[in-house]
Structures are given as structure tokens and as C-alpha cells.
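Residue-level structure breakdown
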Amino acid sequence: MTRIPIILDTDLGIDDAVAIAAALHAPELDLRLITTVAGNVSIDKTTRNALQLMDFWNASVPVARGAATPLVRPLRDAASVHGESGMAGYSFEQTRRTVLNKPAVEAMHECLNASAEPVTLVAIGPLTNIALLLTQYPECKSKISRIVLMGGSAGRGNFTPYAEFNMGVDPEAAARVFESGLQIQMCGLDVTNNAVLTPEYLAALPTHGRSGKMLHGIFSHYRSGSMTTGLRMHDLCAIAALVRPALFEWHSCFVAVETQGRWTSGATVVDIDNKFGQPANAQVALDIDIAGFRDWASQVLALAP
Ligand code: RIB
Ligand code: CA
């Protein structure tokens, strides 16, 4: 099987961690680099979380530290959802692993140039690093296969009434990415809210070995849903979109990111009915096969040792 080369950009919170578990162990993927961005928690914490996870799975994937703040706005984090550490609920070993001695944008640029084939960017946090990459190295677009992202919404938001967190934290970065001309697959909140792991599955996790115990620990501190009603796996949808695209109903359309709205900045305007007459710039997931997602998620997470 030819594996898909990916770079994963993350604001390592709890649902990011489960997406990384899948990205590391899915047989279809070749995870070449993890880059961190401030979002759920500070850049220091998201970067430490990435190093700890690579240690936990004894993975050889390099980690590069990225942007500490959005392009122009102050950071508003989501520690209330992920805990102060961003990955509360499990006592990870103190890591001696270190980040690459270059910033995320440089590491991405080098990784893209070193690849014999175009690389897919998987974005599961604010798009600050990717916007900086496209600004500083516009020529690298030819080395990028597509961007698969969790973010935005064709419905309501969770950061503000109409902005989802990843887009709402850094609307200017998101606008730059959606205006880049790159092929984008967007898994928005209206769909990822339905990507719920059941209480029964969650309760059984401690019996699924060392990774199951760790995931159960951090899930117990995750506040997007609950252990008794089910937990929303927002970021895991980006990995599912890559390896099981048929789990989603895709719609090609124009998407704009609002950056000026007093009450709506960060909103993704998903023009399903082509009211603006603009060319499509994204494939947007409008529905998900929940049972199929759950089957896939349990299979791929069972591969994590
Ligand atoms: O809105 C959900 C997204 O915001 C997820 O990526 C979650 O990790 C947070 O970053
Ligand atoms: Ca995230």
C-alpha cells in the first residue's frame, strides 16, 4: 500500500491527541512531521504535549514548535475544555525529547522540499503556521497535495455564535488559507459535533491496553461532551476524512472566512447554494456516517500499542 505522506499541525488538546494516535498508527498514513501552534493552550504546552505523546508511543516523528500567537489577534485559549495542560488526566513521563532546532514554518518548508511526492497538510488547530508558510514560501504550494482540516462550520460555532474555535482564534490566517487556491477538505463543527464516541466504548477503553488507559484518562478531562453522554472527536474527523472519505458527504463550494465582522469574525461562510457565484475553493463535509466513523475509530485506535 502506498502510504499518504502527511504533516500534522496541532494545538494539542485532547481531541488532537486521539487524532495523532490515529495518524501515527493508521496503515494508510506516513506521518513525517508534527508542528505545534498555540490554540487550545499555549505554544509551550502544545509543544510539550506533542513531545510527550511521541515519547509515549516511542515514535520517531520530529516535532517543530510553531506560532505562539495568532497573526494579529491575542490568543484566546480553550483550557476550560482541555484542562490547563491541554492534555489533562494522564501522568506522562517527563520527556527528554527536544523539538527541532528550527521553527515550524522552516521545518514544514524543508519537509515539503525533501519529499519525492506532494505532501498532505492535516490541520487540527488554528491555521497560523500554515498561513505563515504560504506567505513566506508561496512556491511551496506545488509541493502540497491538499489541506485536510478540522475547523469552521456550515452552521453555528463554539467559539462565538457563528465562529468555530480553530477559525475564530485566527480568522486572518484562516482567510489566507482558504484564499490560497490549494485543494481544501473541511470538516466543520456542524459535522464533527456528531462524531461522538459512545459511553460504552469510552467505558471499555481501560481494557484496551496502555493506549486505551491513557486515552481514557485524558478523555475523563475532556469537556466536549461527557463520558456519560459521549465525547465529540472533532480532530479525529480530519484523519477519517483522509483515510475514509466515504464516511462523509462532500460538497464542493465557495467558502469565505469573515475577518471584519464585529460579531461574526472567524465565521466560515459556506456558500452551499452558490449565492455569491464564486468558484468553489473547498470540499466541505455536510454529513457523516456516524456508525461507520465509530467502527473505523475503534479499529484504528486499537492499533495504538
Ligand atoms: O472546535 C474544535 C476544535 O478546536 C478542535 O480542533 C479542538 O481541538 C480545538 O482546537
Ligand atoms: Ca485541535
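Bear in mind the structure is a predicted one, so any value in this text is a computation, not a measurement. (Residues numbered from 1 in each chain as written. Chains lettered and ligands numbered in written order. Predicted model: local features only at pLDDT ≥ 70, side-chain atom pairs only at ≥ 80, totals over all residues. Heavy atoms only, no water.)

1. Points about the coordination of the calcium ion (ligand 2)
With distances of 2.2 to 2.6 Å, the protein atoms coordinating the calcium ion (ligand 2) are Asp-11 (OD), Asp-16 (OD), Asp-16 (OD), Ile-124 (O) and Asp-235 (OD). Sequence positions of the residues that donate to the calcium ion (ligand 2) give the spacing D-x4-D-x107-I-x110-D. Highlighted residues: Asp-16 in helix H1 (residues 14–25) and Asp-235 in the loop between strand E9 (230–232) and helix H11 (236–243), separated in sequence by 219 residues. Overall, the relative accessible area of 0% leaves Asp-16 in the buried class. The exposure class assigned to Asp-235 is buried, which follows from its relative accessible area of 2%. (Donors = N, O, S within 2.8 Å, 3.2 Å for Na, K, Ca; no water. Helix = DSSP H or I, 4+ residues; strand = E, 2+ residues; numbered from the N terminus. Buried < 20%, exposed > 50% of the residue type's maximum accessible area, 1.4 Å probe, protein only.)

2. Re H1
Along its 12 residues, H1 runs 17 Å from first to last C-alpha, staying within 8% of the 16 Å computed at 1.5 Å per residue. Counting buried residues in H1 gives 11 out of 12 residues, a clear majority hidden from the surface. Within H1, burial applies to Ile-14, Asp-15, Asp-16, Ala-17, Val-18, Ala-19, Ile-20, Ala-21, Ala-22, Ala-23 and His-25. (Expected span 1.5 Å × (residues − 1).)

3. What to know about the site of ligand 1
Inspection of the region around ligand 1 gives 13 residues, with Asp-11, Asp-15, Glu-164, Asn-166 and Asp-235 positioned closest. Measuring from an oxygen atom of ligand 1, one finds a side-chain N or O atom of Asn-158 at 2.9 Å. Within the contact set of ligand 1, an oxygen atom lies 2.5 Å away from a side-chain nitrogen or oxygen of Asp-235. Calculation on ligand 1 without its partners gives an accessible area of 270 Å², and the protein chains cover 96% of this total. Judged by the fraction of its atoms near the pocket grid, ligand 1 is located in the largest pocket. Put simply, the parts of the chain that give the shell around ligand 1 at least two residues each are H1 and helix H6 (165–169). Split by residue class, the shell around ligand 1 holds three nonpolar, five polar and five charged. (Near = heavy atom within 4 Å. Polar contact = N/O pair within 3.5 Å; in protein donor to acceptor, adjacent residues only side chain to side chain. Areas by Shrake-Rupley, 256 points an atom, 1.4 Å probe, with all protein chains shown as cover. 1 Å grid on protein atoms, 1.4 Å probe; cavity = no way out; pocket = protein on both sides within 12 Å on 5 of 7 lines; lining within 4 Å. Sits in = over half its atoms within 2 Å of the grid points. Nonpolar A, V, L, I, M, F, W, Y, C, P; charged D, E, K, R; others polar.)

4. Overview of the sheet that holds E9
The strand order across the open sheet formed by three strands is E7-E9-E8, and the pairing between neighbours is antiparallel. Every interior strand has two partners, whereas the edge strands, strand E7 (196–197) and strand E8 (225–226), have only one. When E8 meets E9, the two strands line up antiparallel, connected through two bridges. Paired with Gly-225 across the two strands is Leu-231, which belongs to E9. (Pairing = 2+ DSSP bridges.)

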